[in-house]
Amino acid sequence: MNGSRYLSSERSSFIPQDTTGDAVTRAIVMQTVAGGQQQEDLVAAKNHAQWVANPPLPPNEWVDSKIYSDEGIFNEELEKIFKKVWIPVCHESELPNAYDFRTTTIAREPIVIVRGADNQIRAFLNVCPHRGMIVERRPAGSFLDGQPSGNPKRMTCMFHGWQYDMKGNCVFISREKEGYQDRLCKDDIGLRRLRCEVKFGGFVWVTLEDNPSVSLEDWAASAFSCLRKTLDAEPLEVFHYHKAIVNTNYKLWHDTNCEFYHDFMHYHNRVTGFNDAYFARKNEAFEHGHIIVGTFEVNYDKYEGFESRAELSFPHLPPNQWYMIDLFPGMNFNLRGSALRCDIVTPLGPNKVMIEFRGLGLKRDTPEERMTRINHHNSIWGPFGRNLHEDLIGVQGQGTTMLPGSEDRHILLGRHENQTIHDENGMRHYYSEWAKWMNRQASDPSKPYERPAAAAAE
Amino acid sequence: MADLTSGKGKPPALSTYSASQIGTNIMSWKRICGSGDIAVNSLEKFNVDGIDIVVANYGDGFRAFPPVCPHMEEPLAETGVLVRCVLTCTKHLWAWDLKTLELRGPAEKPLKTYEMKEEGGDIFAFIDQELVYDFDEEADDPDDDFFSKS
């Protein structure tokens, strides 16, 4: 096992240990192979040459696991994708008052998002132009009050006391004249402002690209069209936040959000869902690599202890619907009738991703409604919910087999079921988009992107 | 009766005193604390009928002023240091001579003060309305074409 080199590390607990039975089975197969008497039609297990051979599917129906494990490809993804596209960074309800802020990162670049005195939300690189210090170190808070090293209504770099207003203008340089005379002044200095818009249900979107290839509206409007009326009907509010740092590649998390075939792992989804309406749910692809999985009515009362969520349905929706919107390159909006979940991924390394989970309800909820909504959200998606940990086990298990340096594997996404829920067209669509941004083929990243022939296109 | 000699924190609400007790016009002269309650070269913050003030003992007397620096609203009770009659806001070094109220260092605006007096071992400030500063509003610059500037 090539995983043996990790046995001395903390990861050793994740390496599956052979049971005696497995070891015996493998030994018999190896003997057969060594003796040259293998009969392929009778031996399902594979020798190494068979194991690494291409599957009997066209190249757009599998990817090379190098795209999940290679450090160089990871760094390239940050440059070519994450620094170029629109990323949702938080929800406007997390900055309810003037001078509220949140900090985050996109592609290793620290970012601060603030609500100004004029109620506008703006985003800046959270970097002082003086000596490269991070300006604001807290995850969230308010600039309204002074701090020992901060100032009311200003962003203050605590290192040398330079200060910026909520529009990113430099308003103070300590002992400016004494040190810079007339050679440099406040007007020469400012934070780097980033494009920032509030859209699609009040989410705050930022891009590091001053001149993005498409507007935010054009980037995601088609994917959001199924839920836009619902999400924009009235103000939403975040009621749940937690984050997980998982030893896996961010795309594996997104894959899990894009494919429902893994509902075989989710007992809850099987008993509340597996029926004709479930298998008819459409898996639709949209421009820019986004996909949605269409809705159906979930039978929550089929799962012991659960009940219908009809009374708290989001606006303009029939009862107990379940929509899923997956945005390239790794964001997910998941509406189960009464609660909206949003996953935002921040890739930290080829085998490490931070996933931020938010739960949202209607801002006007009464305390009782909010408690019910939180219960609906957390009983499935909370850190101790019915489904979320199963998804995390899935992607962490994949991460365990795809550590940097591990042997390249074929990861299959070749199911065709008339673009319904267990079709894997969503992932194929995603990797076709990934290939364009990266100029690499997902099935063989050493080769440049080739536009698929019209006949082969989905 | 509240302890008037500790000199720390907020004094009791003014309504707990009668006009004869404080011996002055209850509508505007407000007892702040005892004369010995604020150490020389120190600043204390008080709330007088809902109005925050800072009182400084500069050795030769007392000054009472709004709780924020006129520069950028820094909380003077925390950011101010008082040495040899000069109050300096340590955030950006605006400073004033508390005896003459002259501007010192890079200060560009005067310190607004409440009139004060000592009487019978107590200090009083004349507070008939809250003193406030006008702070610069952020410029309302139009955002069109911001990202295409070179």
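Conventions we followed
- Residues numbered from 1 in each chain as written.
- Chains lettered and ligands numbered in written order.
- Predicted model: local features only at pLDDT ≥ 70, side-chain atom pairs only at ≥ 80, totals over all residues.
- Helix = DSSP H or I, 4+ residues; strand = E, 2+ residues; numbered from the N terminus.
- Contact = placed C-beta atoms within 7 Å.
- Pairing = 2+ DSSP bridges.
- Nonpolar A, V, L, I, M, F, W, Y, C, P; charged D, E, K, R; others polar.
- Axes fitted to C-alpha atoms, helices over the stretch in contact; angles between N-to-C directions.
- pLDDT = per-residue confidence, 0-100.

Draft legend 1. Quick peek at the overall build of chain B. In terms of regular secondary structure, chain B is built from 2 helices and 10 strands. If you list the helices and strands of chain B from N to C, you get α-β-β-β-β-α-β-β-β-β-β-β. Restricting to contacts in chain B with at least 6 residues of sequence separation, those with at least 24 account for 42%.

Draft legend 2. The arrangement of the sheet that holds strand E8 (residues 163-164) of chain A in detail. Read across the sheet, 3 strands follow the order E7-E8-E9 (chain A) without closing on themselves; strand pairing throughout is antiparallel. Both edges of this open sheet fall to strand E7 (155-156) and strand E9 (170-172) of chain A, since each of them pairs with a single strand only.

Draft legend 3. Spotlight on the interface of chain B and chain A. Counting from both sides, the interface comprises 9 residues of chain B and, opposite them, 14 residues of chain A. For the side of chain B that touches chain A, the per-class residue count stands at 4 nonpolar, 1 polar and 4 charged.

Draft legend 4. Main features of unusual backbone geometry. All names here are of chain A. The omega angle of the peptide bond from Phe-328 to Pro-329 is 5°, so this bond is cis rather than trans. Even without being glycine, Asn-418 reaches a positive phi, approximately 55°. Along the chain, the position of Asn-418 falls in the loop between strand E19 (410-412) and helix H13 (425-438). A positive phi angle is found at Gln-419, which is not glycine, with a value near 55°.

Draft legend 5. Fine view of the sheet that holds strand E10 (residues 122-126) of chain B. All names here are of chain B. Strand order across the open sheet formed by 3 strands is E1-E10-E9, with antiparallel pairing between neighbours. Strands at the two margins of the open sheet, each flanked by one partner only, are strand E1 (29-34) and strand E9 (115-119). Averaged over all adjacent pairs, the angle separating strand axes in this sheet is 30°, with direction ignored. Pairing analysis gives 5 bridges linking E9 to E10, with the strands arranged antiparallel. Residue Lys-117 lies in a different strand from E10, and its bridge partner there is Phe-124.

Draft legend 6. Summary view of the confidence of the model for chain B. Residue and element names in this part refer to chain B. Mean pLDDT over chain B works out to 84, with 79% of the residues at or above the 70 mark. Predicted confidence in chain B is weakest over helix H1 (residues 19-22), with a mean pLDDT of 46, and strongest over strand E7 (residues 95-97), with 98. Below a pLDDT of 50 lies the segment residues 1-25, which in the model reaches 24 contacts outside its immediate sequence neighbourhood of four places, other chains included. Among the scores for the predicted complex, ipTM is 0.74 and pTM is 0.85.

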